[in-house]
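Per-entry structural report
Listed here are the chains, written in short residue letters.
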Amino acid sequence: MRHGLPKESPSAADHLGDMDLGLYVAASGMVAEQVRQDQLSNDLANASTPGYKPDESTQHSFGDVLLANTSGGPDVGSIDAGVALGKTYTNMTPGTMQETGEPLDFAISGSGFFAVKTAQGVRYTRDGQFTTSAQGVLTDTNGDPVLDQSGAEVKVGAKGQVSPGALGLFEVPGAVKQGENLYAGTSSGKPSGSVRQGALEGSGVDAAKIMVEMITSLRSFQSGQQAIQSIGQTLQEAASQVGSLNAGGG
Amino acid sequence: MLEGLYSAAAGMSAQQEQLDAIGNDLANASTTGYRSERVAFSDLLYNAVDIAGTETSAGAGASAQVVGRSQSQGSVRETGNPLNLAIEGEGYFQVKSASGQVGLTRDGDFGVDGSGNIVSAEGSQLVPPIKLPAGVSPGEVKIAPDGTVTAGKRTLGQIKLVSVASPDHLLAYGVGVLTPTAASGEPQATSGAKIHQGALEESNVDISKEMALMVSTQRAYQMSSSAIQTESQMMSIANQLRPS
């Protein structure tokens, strides 16, 4: 749905000439690259966060907007100006397993989430780096109790051990990131994953890929800036020279 | 766009936290009874972005903190000293310093003070205290795996091992002694662990693992730093826009 400027505002093309439209397209492209860069910085910052899943965004190019309008939509003539980041989705591909040997480190191999009871309600996480409360309850590192399959708290045995089977595993379609390694959502269906003890799921950030994307994004941003410069120059000539008696050296 | 600068900076300081923990672990690679630190990373809040038709969210970086200690057993090194004790399994020696502070330690490098009490390397007495009668030398003391201390046919007492509900919340205040806190729970008698006389538990720091972690931490630090550079470059490009 995110094609260019919001639908409520009149289409830029309605009252602007083509040249101005180009300015808006280039500027919105620059804004989209800025936001993408912020997401990439966040991904890199989380290169060591257990169970972290990188954000991926598609970008609607100007060409995509045109195509979207020719295939069954209104005529190409009434497009909105601009480029926008498409829907951001979280790449849930399981990360690599890192053996830690710690009895309270757990990793999910395959799909699924652990559930924790926070003050805001049940939240889900793939970060299985757990600890114990003074009451002997298994908690995440924020102190929120980890839940079993029936939604009850998990007790830690006298030797500080928890069997991996005691932890609940939930499938959460369309889970939304909340920060603190937590996801919000509603669990439904059966997860295919299984719980492993003594390991953590590494961050899903592919550093090399993100660095490349960062450079690509930077260069697209730069092209946007140069497009604006050129259109600006053209407009400047149109404003100062067209209609001038001396125009064209005549 | 300044958000990205700050999230990259947050990423750098999270990696710095990890580097500090590695530094601490490496410095204690030979400290008897030392346990390496567990560092937890987490992402931060996600801000909604709604600008020029782009409606998405961008995270605010990462944070890291030490959340406890590794629970893996350090290797047991024979020393032959009859008052060197290593714990095999979960548990701690309970000691009381001269100022009355009760603490837990896995450093079993004990000795005898001027009045015959068995004391830790820092001079803290065991809880409950065990005193060698006059004329008994440390060499005659036998300590059974369950902690019973005997000299010849005489039983002098029992070294009681304790544990807490949440060892991750014990507070370290140096000299290898951990203090119970409200979050860790009170020390309780524990069974199952064995005392090994004439040996010490070495630090459980795995140097090769720490070195590998140090390399990956430095790389992650570098990457967040190049994210800052890229963000800065973008701002400089935007700054070059001016009316022609």
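Residues numbered from 1 in each chain as written. Chains lettered and ligands numbered in written order. Predicted model: local features only at pLDDT ≥ 70, side-chain atom pairs only at ≥ 80, totals over all residues. Heavy atoms only, no water.

Residues and elements named next belong to chain B. Ordered by their spatial adjacency, three strands build an open sheet running β12-β13-β14, and the pairing between neighbours is antiparallel. The outermost strands of the open sheet, each flanked by one partner alone, are β12 (141-143) and β14 (154-158). With strand direction ignored, the average angle separating the axes of adjacent strands in the sheet is 25°. In this structure, strand β13 (residues 148-151) lies alongside β14, joined through four bridges in antiparallel fashion. Following the sheet pairing, valine 149 is matched in β14 by glycine 157. (Pairing = 2+ DSSP bridges. Helix = DSSP H or I, 4+ residues; strand = E, 2+ residues; numbered from the N terminus. Axes fitted to C-alpha atoms, helices over the stretch in contact; angles between N-to-C directions.)

Put simply, helix α4 (residues 207-240) of chain A and helix α2 (residues 207-239) of chain B touch, their axes get as near as 10 Å, and they point 5° apart. With respect to α2(B), the element α4(A) is oriented roughly parallel. Along its contact with α4(A), which presents Ala207(A), Met211(A), Met214(A), Leu218(A), Arg219(A), Phe221(A), Gln222(A) and Gln225(A), the element α2(B) presents Met223(B), Ser226(B), Ala227(B), Thr230(B), Gln233(B), Met234(B), Ile237(B) and Ala238(B). Among the residues forming the contact of α4(A) with α2(B), the class breakdown is 10 nonpolar, five polar and one charged. (Parallel < 35°, antiparallel > 145°, perpendicular 65-115°, else oblique. Contact = heavy atoms within 4.5 Å. Nonpolar A, V, L, I, M, F, W, Y, C, P; charged D, E, K, R; others polar.)

Residues and elements named next belong to chain A. For the structure shown, the criterion picks out six aromatic pairs over all chains. Here phenylalanine 106 and phenylalanine 130 contribute two aromatic rings whose centre-to-centre distance is 6.0 Å and whose plane-to-plane angle is 40°, an arrangement assigned as tilted. With phenylalanine 106 in strand β4 (residues 105-109) and phenylalanine 130 in the loop between β7 (128-129) and β8 (131-132), this residue pair connects regions lying 24 residues apart in the sequence. Like phenylalanine 130, phenylalanine 106 is buried. Ring geometry for phenylalanine 114 against phenylalanine 130: centres 5.4 Å apart, planes inclined by 75°, an arrangement best described as edge-to-face. With phenylalanine 114 in strand β5 (residues 114-118) and phenylalanine 130 in the loop between β7 and β8, the pair connects residues that are 16 residues apart, well separated along the chain. The same class applies to phenylalanine 114 and to phenylalanine 130, which are both buried. Site record: aromatic cluster; members linked through ring pairs are Phe113, Tyr124, Phe170 and Tyr183. (Phe/Tyr/Trp six-rings, centres within 6.5 Å; stacked < 30°, edge-to-face > 60°. Buried < 20%, exposed > 50% of the residue type's maximum accessible area, 1.4 Å probe, protein only.)

Before going further, it helps to examine unusual backbone geometry. Most of the time, phi is negative for any residue but glycine, and the peptide bond is trans. Along the chain, Val127(B) connects to Pro128(B) via a cis peptide bond; the corresponding omega equals -10°. Checked against the element boundaries, Pro128(B) lands in the loop between β11 (125-126) and β12. With phi around 55°, Glu180(A) is a residue other than glycine that occupies positive phi space. Looking at the secondary structure, you find Glu180(A) in the loop between β10 (176-179) and β11 (182-184). The phi torsion at Asn181(A) lies on the positive side, around 65°, for a residue other than glycine.

Moving on: the confidence of the model for chain B. Scored by pLDDT, chain B comes out at a mean of 90, with 98% of its residues at no less than 70. What the predictor reports for the complex is a pTM of 0.83 with an ipTM of 0.85. (pLDDT = per-residue confidence, 0-100.)

Attention shifts here to the interface of chain A and chain B. Each partner contributes to the interface: chain A provides 59 residues, whereas chain B provides 62 residues. Of the roughly 4,700 Å² buried where chain A meets chain B, counting both sides, 56% is carbon and sulfur surface. On the surface where chain A and chain B come into contact, there are one salt bridge. For Arg38(B), the salt bridge is made with Asp105(A), and the minimal N-O distance between the two is 2.5 Å. Between the two partners, chain A and chain B, sit 24 residue pairs in polar contact (both at pLDDT 80 or more). Only α2 (18-45), β2 (84-90), β8, β10 and α4 of chain A provide two or more residues apiece to the side of chain A that touches chain B. Looking at the side of chain A that touches chain B, its residues break down into 22 nonpolar, 26 polar and 11 charged. (Buried area = accessible area lost by both parts, 1.4 Å probe. Salt bridge = Lys/Arg side-chain N within 4 Å of Asp/Glu carboxyl O. Polar contact = N/O pair within 3.5 Å; in protein donor to acceptor, adjacent residues only side chain to side chain.)

Let's shift gears to α2(B). In an α-helix, one turn spans 3.6 residues, which is why side chains three or four residues apart end up on the same side. With 33 residues, α2(B) should reach 48 Å at 1.5 Å per residue; the first-to-last C-alpha distance of 48 Å fits that figure. Burial in α2(B) covers these residues: Glu210(B), Thr217(B), Ala220(B), Met223(B), Ser224(B), Ser226(B), Ala227(B), Thr230(B), Glu231(B), Met234(B) and Ile237(B). (Expected span 1.5 Å × (residues − 1).)

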